Amino acid sequence: MQQSCELFFVSSNTHKFEEAKRILSNLGLEINLFKTTLEEIQSNSIGEIAKRKALDAFSKLEKPVIIEDDGLFIDSLGGFPGPYSSYVYDTIGNKGIMRLLENIELRNARFVAMIAYCNGTDNVKLFESSIPGKISLSIEEGGWGYDPIFIPDGESKTYANVSDKDKFSHRAASLKKFSDWFMHKQ
Ligand code: IMP
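Anyway, here's the lowdown on the structure attached to this text. (Residues numbered from 1 in each chain as written. Predicted model: local features only at pLDDT ≥ 70, side-chain atom pairs only at ≥ 80, totals over all residues. Heavy atoms only, no water.)

### Focus on the nonpolar core
A general tendency of soluble globular proteins is for nonpolar side chains to be buried together.
No. 1: Core analysis: the biggest nonpolar cluster contains 17 residues, and Val-10, Ala-54, Ala-57, Val-65, Ile-67, Ala-116 and Cys-118 have the highest contact counts within it.
No. 2: Elements with a minimum of two residues in this core: strand E1 (8-11), helix H2 (46-61), strand E3 (65-74) and strand E5 (108-118).
No. 3: It is H2 that contributes the most residues to this core, six residues altogether.
No. 4: Excluding its chain neighbours within four sequence positions, the residues that come into contact with Ala-116 are Ala-50, Ala-54, Val-65, Ile-66, Ile-67, Val-124, Lys-125 and Leu-126.
No. 5: Among the nonpolar cores identified, the runner-up in size contains 16 residues, and Phe-9, Phe-17, Leu-24 and Leu-29 belong to it. (Core = buried A, V, L, I, M, F, W, Y, C linked by side-chain atoms within 4.5 Å. Buried < 20%, exposed > 50% of the residue type's maximum accessible area, 1.4 Å probe, protein only. Helix = DSSP H or I, 4+ residues; strand = E, 2+ residues; numbered from the N terminus. Contact = heavy atoms within 4.5 Å.)

Here's what the structure looks like:
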């Protein structure tokens, strides 16, 4: 049975929203998009960034909100870009990451998704998951963001070309944690 309650996913990224909507809908939860750009503080902690984004989102909408903050952590770069993934994508992009990893064999990485829920009364609740994988040797076609360079463990293709990203993505894992908690709370 689908849960109907007003829950907004606040983001400027429609790719993220579409994936989140599909994932949550399969778990029985419907969400709406409130498209806006949120305050993104610079911090070494994805949790802190997500918390601030959730408070900013709630102050703009004054309705229950979820936001998502992600980070790609590359082992041989000491976890870079991690909490700076958005800035790094907008500046050097996937080509820049490829250059940083030129001649580096160890390409292990993990994609982290942090979901933050805020309803204005309880404390902001955080739900984190990460998916291990590696950075591909070349940039594949398709997908969005870091999709064309991230190969999740157990797959031979990047997120851009796997057959069902929603089944095992970092986003799916943390949204599952969120929905288990949220459905129980209702
Ligand atoms: P944000 O700060 O949460 O927007 O995410 C950090 C960076 O990771 C942004 O450049 C996003 O486009 C990228 N990103 C987050 N999730 C994904 C994904 O599922 N695929 C590809 N890139 C992603």
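Next comes the rest of the write-up.
### Some thoughts on the pattern of salt bridges
No. 1: The final tally for this structure, using the stated rule, is 15 salt bridges.
No. 2: Where Arg-171 meets Glu-68, a salt bridge forms, and the shortest distance between an N and an O atom there is 2.9 Å. Note that Arg-171 is positioned in helix H6 (residues 170-185) and Glu-68 in strand E3, a separation of 103 residues in sequence.
No. 3: Accessibility expressed as a relative area gives 3% for Glu-68, which makes it buried.
No. 4: Because the salt bridges share partners, they merge into one network encompassing Lys-16, Glu-19, Glu-68, Asp-70, Asp-147, Lys-165 and Arg-171. (Salt bridge = Lys/Arg side-chain N within 4 Å of Asp/Glu carboxyl O.)

### Quick notes on a nonpolar patch on the surface
No. 1: A surface patch of nonpolar side chains, amounting to about 230 Å² of accessible area, comprises Phe-80, Ile-92 and Leu-100.
No. 2: Checked against the element boundaries, Leu-100 lands in helix H4 (residues 93-100).
No. 3: You can call Leu-100 partly exposed: its relative accessible area is 38%. (Patch = residues over 30% accessible without salt bridge, like charges linked within 9 Å, V, L, I, M, F, W, Y side chains within 5 Å. Areas by Shrake-Rupley, 256 points an atom, 1.4 Å probe, with all protein chains shown as cover.)

### A closer look at the packing of aromatic side chains
No. 1: Inspection of the entire model under this criterion finds 14 aromatic pairs.
No. 2: Put simply, the rings of Tyr-89, Phe-111, Tyr-146, Phe-150 and Tyr-159 pair up and form one aromatic cluster.
No. 3: The ring of Phe-73 has Arg-110 sitting right over it, with the charged end atom 4.8 Å from the ring centre.
No. 4: Across from the ring centre of Tyr-159, 4.7 Å away, lies the NZ or CZ of Lys-165, which sits over that ring. (Phe/Tyr/Trp six-rings, centres within 6.5 Å; stacked < 30°, edge-to-face > 60°. Lys NZ or Arg CZ within 6 Å of the ring centre and 35° of its normal.)

### Here's the deal with the site of the ligand
No. 1: Looking at the ligand, there are 17 residues lining it, with Lys-16, Asp-70, Asp-147, Lys-165 and Arg-171 nearest.
No. 2: Between the ligand and His-170, the relevant distance is 3.3 Å, taken from a nitrogen atom to a side-chain nitrogen or oxygen of the residue.
No. 3: When residues of the shell around the ligand are traced back to their parent elements, those giving at least two are E3, helix H3 (85-91) and H6.
No. 4: Looking at the shell around the ligand residue by residue, the classes come out as four nonpolar, four polar and nine charged. (Near = heavy atom within 4 Å. Polar contact = N/O pair within 3.5 Å; in protein donor to acceptor, adjacent residues only side chain to side chain. Nonpolar A, V, L, I, M, F, W, Y, C, P; charged D, E, K, R; others polar.)

### Description of H4
No. 1: Those residues of H4 not exposed but buried are Gly-93, Asn-94, Gly-96, Ile-97 and Met-98.
No. 2: Lining the buried residues of H4 we find E3, strand E4 (81-82), H3 and strand E6 (125-135).

### Here's the deal with H6
No. 1: The first and last C-alpha atoms of H6 sit 23 Å apart over 16 residues, in line with the 22 Å expected at 1.5 Å per residue.
No. 2: Taken residue by residue, H6 has His-170, Arg-171, Ala-172, Ser-174, Leu-175, Phe-178, Ser-179 and Phe-182 as its buried positions. In an axial view of H6, the angular spread of the buried residues amounts to 165°, which keeps them on one side of the axis.
No. 3: On its buried side, H6 packs onto helix H1 (14-26), E3, E5, E6 and helix H5 (165-168). (Expected span 1.5 Å × (residues − 1). Arc of directions from axis to C-beta.)

### Comments concerning the environment of Gly-142
No. 1: Within the fold, Gly-142 resides in the loop between E6 and strand E7 (150-152).
No. 2: Put simply, Gly-142 and Glu-39 are 103 residues apart on the chain and 29 Å apart in space, counted from C-alpha to C-alpha.
No. 3: Ignoring anything within four residues of it in the chain, the contact list for Gly-142 reads Pro-148 and Ala-160.

### Notes on the packing of H1 against H6
No. 1: At a closest axis distance of 10 Å, the pairing of H1 and H6 adopts a crossing angle of 50°. With respect to each other, H1 and H6 are oriented oblique. Every pair of crossing elements has a handedness; the one defined by H1 and H6 is right-handed. Facing H1, whose interface residues are Lys-16, Glu-19, Ala-20, Ile-23 and Leu-24, H6 presents Arg-171, Ala-172, Leu-175, Phe-178 and Ser-179.
No. 2: Of the residues belonging to the contact of H1 with H6, the class tally is six nonpolar, one polar and three charged. (Axes fitted to C-alpha atoms, helices over the stretch in contact; angles between N-to-C directions. Parallel < 35°, antiparallel > 145°, perpendicular 65-115°, else oblique. Left-handed = near helix turned anticlockwise from the far one by under 90°.)

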